[in-house]
Each structure stands twice: as C-alpha cells, then as structure tokens.
Amino acid sequence: QVQLVESGGGLVQPGGSLRLSCAASGFTFSSYAMSWYRQAPGKERELVARISAGGSTNYADSVKGRFTISRDNAKNTVYLQMNSLKPEDTAVYYCQTASSWGQGTQVTVSS
C-alpha cells in the first residue's frame, strides 16, 4: 500500500531554513505528482507546493521565492527546502499524492 513518511521538521528561528523530506513507497513514484500541504492550529489545511511527474512546480503565493519543492525519483523522495522562515510558517506539514497522506511533521518558527 502507499506509504508516505515525512521527516525534517523542528524548531527554527525566524529567518532560518529547514529541509523536509518525504519518503514514498508502494506505488510508481516517478509517475505521480507530489504535494506538500500544511495546517496551522485553528486553520484549514492548505497547499504549499506541488511538483508534477514531469517536474513542473507551483507554489502558494505566501511561500513563493522562499520555498523550493524538488523530487529524486531514484530515491522515491520529495523535498521541501524552506528558507527565510517566518513565524506564520509554523504548522504541521504533510506530504500528499493522489488520495494518500503522510503523518505530518511539525515545523515551528519562533525566537
């Protein structure tokens, strides 16, 4: 079955960086678009970034120029490089493909 396992979250100061990873298994990774979503306390889950099977990317306006999504099909892994982090980026970040979700990884941006 499909498994998505996120890692790389943590506590970082404003202006800092983190790289999230999502290791995928149970499906033909290279054939599927992959997405990162996030959900902050009291807010709805929102799309952060998406990468197609062919490598095309799109981003939420709030993260454009700061976050970069990428994929390594040889490793069945999708990444989210997050730079210039802001307190408002604090959320649980989820990896997603088709109808499957990972368990999420907490990102906290605070001084």
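Provided above is the structure to which this section pertains.
Residues numbered from 1 in each chain as written. Predicted model: local features only at pLDDT ≥ 70, side-chain atom pairs only at ≥ 80, totals over all residues. Heavy atoms only, no water.

1. Digging into the nonpolar core
Move 1: W36, V78, L80, M82 and Y93 are the most contacted members of the largest nonpolar core, which has 27 residues in total.
Move 2: Contributions of two or more residues to this core are made by β3 (18–25), β4 (34–39), β5 (46–51), β7 (67–72), β8 (77–82), β9 (91–97) and β11 (105–109).
Move 3: With four residues, β3 is the largest single contributor of residues to this core. (Core = buried A, V, L, I, M, F, W, Y, C linked by side-chain atoms within 4.5 Å. Buried < 20%, exposed > 50% of the residue type's maximum accessible area, 1.4 Å probe, protein only. Helix = DSSP H or I, 4+ residues; strand = E, 2+ residues; numbered from the N terminus.)

2. Describing the environment of Y94
Move 1: Its place among the elements puts Y94 in strand β9.
Move 2: Here the alpha-carbon distance between Y94 and S35, two residues 59 residues apart in the chain, equals 8.2 Å.
Move 3: Ignoring any residue separated from it by four or fewer positions in sequence, one finds Y94 in contact with E6, S35, W36, Y37, Q39, R45, W101, G102, Q103 and G104. (Contact = heavy atoms within 4.5 Å.)

3. Examining the state of the cysteines
Every disulfide links exactly two cysteines, by a covalent bond between their sulfur atoms.
Move 1: In this structure the tally under the stated criterion is one disulfide.
Move 2: The side chain of C22 participates in a disulfide bridge whose partner is C95; the two sulfur atoms lie 2.1 Å from each other. Between C22 and C95 the disulfide shows an S-S torsion of about -80°. By sign, it is left-handed. With C22 in strand β3 and C95 in strand β9, this pair connects stretches of sequence that are 73 residues apart. Here C22 matches C95 in class, with each residue buried. (Disulfide = S-S within 2.5 Å.)

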